[in-house]
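Structural overview
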Amino acid sequence: MTTPITIDFTETDLDALKDAGGTLAVIVTPEGKLDPAARRLNRLTKGMLARLVEADRFAKAKEGDAITMAFPAGMAADMLVVLKLSRRPSVEDARKAGASLAKVRGKGALTLCAGSTNKIEELALGLSLRSYDFTDHKSGDSDPAEGASIMVTKPDAATEAWADKAALADGVFFTRDLVNEPANVLTTEEFAERLKALSGLGVEVTVLEEDELEKLGMRALLAVGHGSESPSKVVVMEWKGGGDEAPLALVGKGVVFDTGGISLKPAGGMEDMTMDMGGAGVVAGAMRAIAQRKAKANVVGLVGLVENMPSGRAQRPGDVVKSMKGDTIEVINTDAEGRLVLCDVMWYAQEKFAPAGMVDLATLTGAMIIALGHENGGVFSNNDAFANAFLKAAAAEGEGAWRLPMGQAYDDLLKSRIADMKNVGGRAAGSITAAQFLGRFVKEDTPWIHLDIAGVASVKSETMLAPKGATGWGVLALDRLVRDNYEG
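Treat the numbers as computed from the prediction; the structure is a model and nothing was measured.

Remarks on the environment of lysine 18
- Note that lysine 18 resides in the loop between β1 (7-11) and β2 (23-28).
- Once residues lying within four places of it in the same chain are set aside, the contact partners of lysine 18 are Leu44, Gly74, Met75 and Ala76.

What follows is the structure in structure tokens.
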């Protein structure tokens, strides 16, 4: 697993600044006010910082931006970085400043003089998340970046505040690694093994194999994996930190590779379908973060792990499969497979755990990308209060989310001539009809949210907190949902 950089908080030592190697960074407010560390650096560089804050370069920089000065005179550092940041920044600006620093720092030693800047743990989270680099399959020099030392006025308080954020970074890295892995590495069996390792953090992990899934009646899920040599599995991860309360259930689609099956996808872009297990990846990362910080809540994560391949055994368009619930499904398109996986796992989650609420996550529809692009995940729900709680959590963590409608007219598009329903409703409102399909497998008394993360799970260009590739979107929001609504 890719490991987040080590971040230590120490007392400010102005005398150590002259001889600090690598990258040295300091925070300057938008008004150009220099704190004691900045004043010391200004003297060492013979007024370089004072000249900078009077220059257009500083004026044009936005809050959270990093301004670099290579090989500053009078210092041992290779680079001096000025972060333009208020003493009491917003969470977004603090994280942006950390991410900006991560992008310019290089891989050598890093010392940041933060003084009494508030939300320093958020800056550290931005630094950690943007330092992610997936190099497992690169030969040659792939040494990770060195850790960071952050000088602050109250190091003990900063260290305590950072502990929970460090758990989040670890969970996001876990998700990103899973989503970035190629399918010949992250098979259903390898995925299950990585999840079993969460038992070392106190998570109770159970792996349901194909014979058990058959006994449970999960024939919709099993049908998706019929064409693959990789065995289908359901992995259940239980975190019991909240006494006797009913758990929050997190359910993830884990299609480790999606060819489309017999309804074969076009060749162009099919290589991206290694990320079709993104929903399961987010559930895994959220469970890791929740366990790392010892959350005082009950949370169960369930993921359906399958591979959708064409072969002589693969399901065909026109087949009818029976779900665990007992409803029959006419398979119109074998590339609409994720909902077949989720419907069985969602029903099992409700039957087994009677959850206080259920959130499913899936890279479910290309239509979601057309609707919301890569800025927001789609939110669908049967419960306004539950949906609003998630939207509030996502907004607090800077993870874009937008609620879309549901309704009977959309549901009617799923009617089948020969079965209880079809697995697709046509081109119109494709993301909504997919949500309607899943909604048929939600019990009336279960608050439910469906998150379509097709556009946000993996991206072609970098974001503020992530390089190209897997983002880990959803880990922060789900952890905040748990923290704000389910912890005693």
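A short note on unusual backbone geometry
- Phi at lysine 119 is positive, roughly 55°, even though this residue is not glycine.
- Looking at the element boundaries, lysine 119 is found in the loop between β5 (110-115) and α5 (120-130).
- For lysine 119, a relative accessible area of 34% corresponds to the partly exposed category.
- Positive phi outside glycine occurs at alanine 429, with the angle close to 55°.

Things to note about the environment of leucine 248
- Examined against the element boundaries, leucine 248 turns out to sit in strand β9 (residues 248-258).
- On a C-alpha basis, the gap between leucine 248 and alanine 354 in space is 9.2 Å, while along the polypeptide they are 106 residues apart.
- In this structure, leucine 248 is in contact with Asn298, Val299, Val300, Gly357, Met358, Val359, Phe386, Leu481, Val482 and Tyr486, ignoring residues within four places of it in sequence.

Notes on the sheet that holds strand β12 (residues 328-330)
- Strands sit in the order β11-β12-β16 across an open sheet of three strands; the sheet is mixed. Edge positions in the open sheet fall to β11 (320-322) and β16 (421-422), since each of these has one partner strand only.
- Pairing of β11 with β12, which is carried by three bridges, proceeds in the antiparallel orientation. Paired with valine 320 across the strands is glutamate 330, a residue of β12.

Topic: the sheet that holds strand β14 (residues 377-381)
- A sheet is described by the order of its strands in space; here eight strands give the open sequence β7-β8-β10-β9-β13-β17-β14-β15, paired in mixed fashion. Strands at the two margins of the open sheet, each flanked by one partner only, are β7 (204-208) and β15 (401-403). Sheet twist, expressed as the mean angle between neighbouring strand axes with direction ignored, is 20°.
- As defined by bridge partners, strand β13 (residues 357-362) adjoins strand β17 (residues 448-452) across five bridges and the pair is classed as parallel. The residue of β17 that forms the bridge with leucine 361 is leucine 451.
- Packing of helix α10 (residues 278-292) onto the sheet brings it into contact with β8 (233-240), β9, β10 (298-308) and β13, and relative to β9 it is tilted by some 135°.

With respect to the nonpolar core
- Formed by 92 residues in total, the largest nonpolar core has its most connected members in Leu112, Val359 and Phe390.
- Within the second largest apolar cluster, 41 residues are counted, among which are Ala220, Val234, Ala249 and Trp448.

Quick word on the side chain of histidine 450
- Tracing the backbone shows histidine 450 in strand β17.
- Note on histidine 450: relative accessible area 0%, which makes it buried.
- Excluding its chain neighbours within four sequence positions, the residues that come into contact with histidine 450 are Asp360, Leu364, Gly378, Val379, Phe380, Ala435 and Leu438.

Rules used throughout
- Residues numbered from 1 in each chain as written.
- Predicted model: local features only at pLDDT ≥ 70, side-chain atom pairs only at ≥ 80, totals over all residues.
- Heavy atoms only, no water.
- Helix = DSSP H or I, 4+ residues; strand = E, 2+ residues; numbered from the N terminus.
- Contact = heavy atoms within 4.5 Å.
- Buried < 20%, exposed > 50% of the residue type's maximum accessible area, 1.4 Å probe, protein only.
- Pairing = 2+ DSSP bridges.
- Axes fitted to C-alpha atoms, helices over the stretch in contact; angles between N-to-C directions.
- Core = buried A, V, L, I, M, F, W, Y, C linked by side-chain atoms within 4.5 Å.

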